[in-house]
Every structure is written in C-alpha cells, then in structure tokens.
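# Structure assessment
Here is how the chains run, residue by residue.
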Amino acid sequence: MKTIKFGLLTSFVLVAVLSACKTPTTIHNEYATSRFNVECLGIDPDGSQTLRSWGSGINKDKAIEQALRKAVEAVIFSGITDGSAGCSKAPLLNEVNARERHEDYFNSFFAEGGAFNRFVNLEEKRTSRIKSANSSMETWGVVVKVNRSTLKKHLQSDNIIKP
C-alpha cells in the first residue's frame, strides 16, 4: 500500500515539475498589441500642437491615416494628457457623449479622406514601426501637427462647439 501511495505521489510530482518547465510555444510582443496614447511633444505660438500618435492598419498608409485620425480625435474629445508638462490641454468638446450626440457629423468628418485631414499634417517624415509576429496588422507611430485653433473655428462654424 505504501509503495502505491509513494508511486502516485512521485508520479504527481514528476508531472507537476515537467509541466512547469514547459517553454511557451508562442511568444507575444507586448508592444505590438499595446495601445499607445497620443502624446504631446510641444505647442507652437499659433496654438498648433505637435503630437506623437500611433495607428494600426493592414499597411503603412492605413496605419498612418489612423494615427492622424486618432490625433485629431484626441484634441477634440479627450484632450492630451501625456507628454510634456506644458502641453496638457483640455479637449475642444467638453460635452458628455458628444461623439454620439453628433454621430452623423463626426462619422463623415472622420471618414476616409474626411475633413479631419485639413487640420492635421505629418510633421516629420520619420516614422516608428512595431509589428507583431502573429498579426497581419502593422502599428506605426508618427509625429503630427494639429492646428487646434483652426479646428476649433471650424467646429464653431458647424455649430458643434458654442463660441
């Protein structure tokens, strides 16, 4: 009886030790699947913000377009909280559920090739790339400039923001 108990205990310990030593079959790149916040790099005297923004897409062009869109969305809806200390700016639109309340307007504003493109441009040709080994999506970081004052005037003229 003791040998059966000892044999079972030994087998259990051996299985536990061997399963704990198993190497993972897949390695995930934590940065490739992370969501990066829009980060402020500086503010110009004219009120434009220089931002680092990240976007993901099936190719570089789609990822960069998403990064441009995310930069403008952050300026309008969430504000920029990451980055340089003097860059902390409140969002242009402080209204609760503003995106949902003006859904038709913002769907066309942020559509592919939409009006948001008039208020943002690539500041540098330099880009940063992160690609996950197990994904078909590419993530690209870009430095952009968002013309905050012109964007604010545009939203005011469209009656989205009250003057």
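These lines cover the structure that appears in this document, whether it is placed above or below.

Turning next to the nonpolar core. Ranked by size, the top nonpolar core spans 31 residues in total, and within it Leu-51, Ile-76, Phe-109 and Leu-151 carry the most contacts. Only helix 2 (60-78), helix 4 (103-109), strand 5 (138-146) and helix 5 (148-157) provide two or more residues apiece to this core. Among all residues touching Leu-51, those that are not within four sequence positions of it are Val-38, Glu-39, Cys-40, Leu-41, Ala-71, Val-75, Ile-80, Val-142, Val-143, Val-144 and Val-146.

According to the stated counting rule, one finds nine aromatic pairs in the structure shown. An angle of 15° between the planes, with centres 5.8 Å apart, marks the rings of Tyr-105 and Phe-109 as stacked. On the criterion of helical spacing, the pair formed by Tyr-105 and Phe-109 is a turn pair, its members being four residues apart in helix 4. Taking the centre distance of 6.1 Å and the plane angle of 25° together, the rings of Phe-106 and Phe-110 count as stacked. Among the aromatic residues, those joined into a cluster by ring pairs are Phe-77, Tyr-105, Phe-106, Phe-109, Phe-110, Phe-116 and Phe-119. Looking at Lys-60, its charged tip hangs above the ring of Trp-140, at a distance of 4.8 Å from the centre.

Parameters and conventions
Residues numbered from 1 in each chain as written. Predicted model: local features only at pLDDT ≥ 70, side-chain atom pairs only at ≥ 80, totals over all residues. Heavy atoms only, no water. Core = buried A, V, L, I, M, F, W, Y, C linked by side-chain atoms within 4.5 Å. Buried < 20%, exposed > 50% of the residue type's maximum accessible area, 1.4 Å probe, protein only. Helix = DSSP H or I, 4+ residues; strand = E, 2+ residues; numbered from the N terminus. Contact = heavy atoms within 4.5 Å. Phe/Tyr/Trp six-rings, centres within 6.5 Å; stacked < 30°, edge-to-face > 60°. Lys NZ or Arg CZ within 6 Å of the ring centre and 35° of its normal.

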